[in-house]
Amino acid sequence: MPPTLASLVHHSALKLTVRAGEDRLDVPVRWAHVSELADPVPYMEGGELLLITALKLDAEDPEAMRRYVRRLAGAGVVGLGFAVGVNYEETPGPLVDACAEEGLPLLEVPRRTPFLAISKAVSAAIAADQYRAVTAGFAAQRELTKQALNSGPEGVLTVLAGQVDGWAALYDASGAVVAAAPEWAGRRAGRITAEVERLRERPAPASSVVGGPEHEDRVELHSLGTGRRPRAALAVGTAAALGTAERYAVHSAIALLTLTTERSRSLHAAEQRVGTAVLRMLLAGEPDHARAVAGDLYGGLLDAPFRMIVAESASGTAARAHAEARGRVPAPAAAGARPSAAAALAADAGGDLLGGLAEGVESAAARSGEAVLVVPEGERMVVLAADGGAAVAACTEYAAALEAARAVPEPAGADEEELVVGLSAPAGPIAAAAAYKQAEQALSVARRRGRVLVEHEQLAAGSVLPLLADDAVKAFADGLLRALHEHDATGRGDLVASLRAWLSRHGQWDAAAADLGVHRHTLRYRMRRVEEILGRSLDDPDVRMELWLALKATSPE
């Protein structure tokens, strides 16, 4: 504890006597300062014990003393020390009364006690308090380091909560609580996730102080990580502001948690190399070798069905070209429009949607305790995640958020990064190559449809018609039907509409003719003209299939 007026009064060598403010002696003293100025307030910082002899004061004037003491109290001076036997043989009554009125402690300093002795006593007490704080901080650092090695982040939080006499919580990169101490603190930490989200938007390192609901406690938030974007966050809740020893403990915890949550680049690179080797062996049809290399790091992932995820980033212009062709994306907004939700989501991922997906998948897997294999390949990323697990759920949620954001009009000229993801059906190590092919097929369909994510299982359940939106298919369809459109443009018959009606009725003449409102002999004539113009027989099922797909590909519907 820092020195207080009470500790100075009880100092046997100083012989101080309390003349006023007996009930306020427990305030800490930041320093002891001597000043004989009539108005020393401009030179005060607050928390000082001011020592005077009233050399330039009329200490017998009640009104002058009230003004003087009022100014001192307003400046944050915590006490006044008056030396007797110098200019006054005893402490003047007006000064005593003024201090009593303001509640400012007044200490009488005997003639034999020099002001220097009081200053030394205050300085020594401050130094001793700082030494105790540093010693306690080093002890806390040793205990925190021990727990970091033996128990990980949970142990660090437990020791830290005890050191600050409060609670501590750790958040991952997504803002979710991953650990808290004591156990009840998890609920308290969950109520300030909004403040953690705001902290993540600031460049690291960053910190903030927030008050709980109805001021139930004081919470400090600190970002963790050495990069531009925080990898995690630490919350420390206490009943009051942290002291020096507690501050040392918090800083030590920040350093240790940063080391445990953000692994060294060499270790991370080594794990990625192992993951890449495991993936290559699986795709090469060597599941036993892959399992041996995976070991404890990824071995559990291969013991149950998994999903293969292939994600790829591309410019917004390229991704929107397919979507706009199918009317899925609104036209660009006028200049000056507000930033889109997609832009906000990209900013939250540091402008890197692929990296944001990797971070979300890894964070979700870490929270649930499941293994996940992430292999980045430039602008592409391959993920192996447990079927039905938290990592797959995080992937679909991330894609859904981006999909919803695309509905917001983009500012004119914007060319934001877009993300496309393909998700395979559940598979095992033996079928890893097939799962990878499924994920790539789903990725291709997602790109063609202007979607963020497509699951391979959806392809069989859906329609083949959306696949016809490809530019090459449309070009083929236009070329195949061009001669018919040119014939109809001359007003010599409606061959395209007749062909569509006939094919939709599976070659039934009466039903197709009824749809067109013509005689069946007229329809027969038109179909012969189609065969003559195209040079193909409508009796060939392949020809009928190609014509039907061409009509669907060029249909405005």
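Refer to the preceding data block for the structure.
So, about helix H21 (residues 541–553). Counted at 1.5 Å a residue, the expected span for H21 with its 13 residues is 18 Å, and the 18 Å between its end C-alpha atoms agrees. Along H21, the residues that are buried comprise Val-543, Leu-547, Ala-550, Leu-551 and Ala-553. All buried residues of H21 fall inside an arc of 165 degrees around its axis, so they share one side.

Right, let's talk about the packing of helix H4 (residues 115–150) against helix H5 (residues 153–164) for a bit. Relative orientation of the contacting elements H4 and H5 amounts to 155 degrees, with a least axis distance of 7 Å. Judged by the inter-axis angle, H4 sits roughly antiparallel to H5. Where H4 crosses over H5, the handedness of that crossing is right-handed. For the pair H4 and H5, contact is made by Ala-140, Glu-143, Leu-144, Gln-147 and Ala-148 and by Gly-155, Val-156, Val-159, Leu-160 and Gln-163, respectively. Looking at the contact of H4 with H5, its residues break down into six nonpolar, three polar and one charged.

For helix H10 (residues 287–298), which comprises twelve residues, the first-to-last C-alpha distance of 12 Å sits more than 12% below the rise-based estimate of 16 Å (1.5 Å per residue). Among the residues of H10, those classed as buried are Pro-287, Ala-290, Ala-294 and Tyr-298. Down the axis, H10 shows its buried residues gathered within 50 degrees of arc, on one side only. Turned more than 90 degrees from where H10 packs its buried face, Asp-288, Ala-292 and Asp-296 sit exposed.

The subject of this paragraph is a negative patch on the surface. On the surface, a cluster of negative charge is made up of Asp-58, Glu-60, Glu-89 and Glu-90. Along the chain, the position of Glu-89 falls in the loop between strand S4 (79–83) and helix H3 (93–102). Residue classification places Glu-89 among the exposed residues on the basis of a relative accessible area of 68%.

Where strand S12 (residues 372–377) meets strand S13 (residues 380–386), six bridges bridge the pair, whose relative direction is antiparallel. Residue pairing in the sheet places Val-375 in a bridge with Val-382 of S13. Between S12 and S13, which pair antiparallel one after the other, the connecting turn spans two residues, and Gly-378 there sits at a positive phi close to 70 degrees.

With respect to the helices and strands, the residue Gly-162 is situated in helix H5. For Gly-162, a relative accessible area of 56% translates into the label exposed.

What the rule picks out here adds up to 22 salt bridges. We note a salt bridge from Arg-67 to Glu-63, for which the minimum N-O separation is 3.9 Å. On the criterion of helical spacing, the pair formed by Arg-67 and Glu-63 is a turn pair, its members being four residues apart in helix H2 (residues 62–74). Taking the relative accessible area as the measure of exposure, Arg-67 reaches 45% and is therefore partly exposed. Overall, the relative accessible area of 36% leaves Glu-63 in the partly exposed class.

This brings us to unusual backbone geometry. Pro-182 follows Ala-181 through a cis peptide bond whose omega is -10 degrees. Within the fold, Pro-182 resides in the loop between strand S7 (177–181) and helix H6 (185–190). Its identity is not glycine, yet Asp-165 carries a phi of approximately 55 degrees, on the positive side. Assignment of secondary structure puts Asp-165 in the loop between H5 and strand S6 (167–171). Within the chain, His-506 stands out as a residue other than glycine whose phi angle is a positive 55 degrees. You can see His-506 is positioned in the loop between helix H18 (495–504) and helix H19 (509–516). By relative accessible area, which is 71% here, His-506 ends up exposed.

Moving on, we get to the packing of aromatic side chains. Here the distance between the centres and the angle between the planes together describe a pair of aromatic rings. All chains considered together, the criterion is met by two aromatic pairs. With a centroid separation of 6.0 Å and 50 degrees between ring planes, the pair formed by Phe-82 and Tyr-88 is classed as tilted. With 5.5 Å between their ring centres and 40 degrees between their planes, Trp-502 and Trp-509 make a pair best called tilted. You can call Trp-502 buried: its relative accessible area is 7%.

In terms of burial, strand S9 (residues 218–224) is largely enclosed, as six of its seven residues are buried. Relative to S9, strand S8 (residues 207–211) runs antiparallel, the two being bridged by five bridges. Counted as the bridge partner of Ser-207 is His-222 from S9. As paired elements, S9 and strand S10 (residues 232–238) share seven bridges and run antiparallel to each other. From the neighbouring strand, His-222 faces S10, where its bridge partner is Leu-234.

So, on to a nonpolar patch on the surface. A contiguous nonpolar surface patch, about 250 Å² in accessible area, is contributed by Met-545, Trp-548 and Leu-549. For Trp-548, a relative accessible area of 31% translates into the label partly exposed.

All right, on to the environment of Leu-72 then. Relative to the assigned elements, Leu-72 resides in helix H2. In this structure the C-alpha to C-alpha distance between Leu-72 and Leu-104, which are 32 residues apart in sequence, comes to 8.7 Å. Contacts of Leu-72, omitting those with residues within four sequence positions, involve Pro-40, Val-41, Leu-50, Val-77, Leu-80 and Leu-104.

Rules behind the numbers
- Residues numbered from 1 in each chain as written.
- Predicted model: local features only at pLDDT ≥ 70, side-chain atom pairs only at ≥ 80, totals over all residues.
- Heavy atoms only, no water.
- Helix = DSSP H or I, 4+ residues; strand = E, 2+ residues; numbered from the N terminus.
- Expected span 1.5 Å × (residues − 1).
- Buried < 20%, exposed > 50% of the residue type's maximum accessible area, 1.4 Å probe, protein only.
- Arc of directions from axis to C-beta.
- Axes fitted to C-alpha atoms, helices over the stretch in contact; angles between N-to-C directions.
- Parallel < 35°, antiparallel > 145°, perpendicular 65-115°, else oblique.
- Left-handed = near helix turned anticlockwise from the far one by under 90°.
- Contact = heavy atoms within 4.5 Å.
- Nonpolar A, V, L, I, M, F, W, Y, C, P; charged D, E, K, R; others polar.
- Patch = residues over 30% accessible without salt bridge, like charges linked within 9 Å, V, L, I, M, F, W, Y side chains within 5 Å.
- Areas by Shrake-Rupley, 256 points an atom, 1.4 Å probe, with all protein chains shown as cover.
- Salt bridge = Lys/Arg side-chain N within 4 Å of Asp/Glu carboxyl O.
- Lys, Arg positive; Asp, Glu negative; His and termini not counted.
- Charge placed at Lys NZ, Arg CZ, Asp CG, Glu CD.
- Pairing = 2+ DSSP bridges.
- Phe/Tyr/Trp six-rings, centres within 6.5 Å; stacked < 30°, edge-to-face > 60°.

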